[in-house]
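Notes for the structure review
Chain by chain, the residues:
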Amino acid sequence: SWNAVTWSYIRNTGGHAAYLTFGSKNNTISQSTVASAGVNYRALYLSGSSSNTVTQSYLAHASSGDAVYIADGSHYNSIVQSTIAVDYNAGYGYFVGASSGNSLIQSWVSNPAGYAAFLAASAGHVATHSVCAIDADGVAGYSAGDPVYLIRGVAGACAAAQTIPVGAVRLN
């Protein structure tokens, strides 16, 4: 707990790049690149960890895995002013499991091949001024088809100060 990583390049070609596990609290990753290429692994994996912050960072998976995976029991974590990228049809750019109070703020999330963001049974999740999903045509939207979240245009941005309900964002 209470660790800080700044101006760093964290890479793992065969596993999770940054893995904050049970009891990890109040850690910060800032102005860094966090990248994984391990099959079925994550660039940033939070499991049972709370109150951690990632700011002004690049989080990416280069292969068949997830960029950011916030597992069940991980609460009040924040990703701010960051870029999250993956290009994998069975992977997630940004996944949140059964947890609460996690925030994605002023960030870009992209997965042209699959889910950019998926919120599964999470409560109180906030995405403020964030681009949730965008493809080559500039189309963003929830796969559930809720028209409130189907946004067309170059930016394809989420509405300001909006709380995202349980559901999924998928590029079609």
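As shown above, the structure is provided for reference.
Scanning the entire structure with this criterion turns up four aromatic pairs. With centroids separated by 5.6 Å and ring planes inclined at 75 degrees, the aromatic side chains of Tyr45 and Tyr69 adopt a geometry described as edge-to-face. On the criterion of sequence distance, the pair formed by Tyr45 in strand β6 (residues 42–46) and Tyr69 in strand β9 (residues 66–70) is long-range, its members being 24 residues apart. The exposure class assigned to Tyr45 is buried, which follows from its relative accessible area of 14%. Tyr69 gets classed as buried once you look at its relative accessible area, which sits at 16%.

On to the side chain of His61. In this structure, His61 sits in strand β8 (residues 58–61). Residue His61 is classed as buried on the basis of its relative accessible area of 5%. A distance of 3.3 Å separates a polar side-chain atom of His61 from the backbone oxygen of Tyr41. At 2.9 Å, the side chain of His61 forms a polar contact with the backbone nitrogen of Ser63.

Rules used throughout
Sequence order as written defines residue numbering, which begins from 1 separately in each chain. Local features in this predicted model are restricted to residues of pLDDT 70 or higher, and side-chain atom pairs are both shown and tallied only at a pLDDT of 80 or more, whereas totals for entire chains, interfaces and linings draw on every residue. The basis for the side-chain values is all heavy atoms of the structure; hydrogens and waters are excluded. Here a Phe, Tyr or Trp ring, Trp counted by its six-membered ring, pairs with any other such ring whose centre lies within 6.5 Å, and the pair is stacked when the planes are under 30 degrees apart, edge-to-face when over 60, and tilted otherwise. Secondary structure counts use DSSP, requiring at least four H or I residues in a row for a helix and at least two E residues in a row for a strand, with both numbered from the N terminus. The buried label goes to any residue with under 20% of its type's maximum accessible area, the exposed label to any with over 50%, and the partly exposed label to all in between, with areas taken from a 1.4 Å probe on protein chains only. Two N or O atoms form a polar contact when they lie within 3.5 Å of each other; inside protein one atom must be a possible hydrogen donor and the other a possible acceptor, and for residues adjacent in sequence the pair counts only when both atoms belong to side chains.

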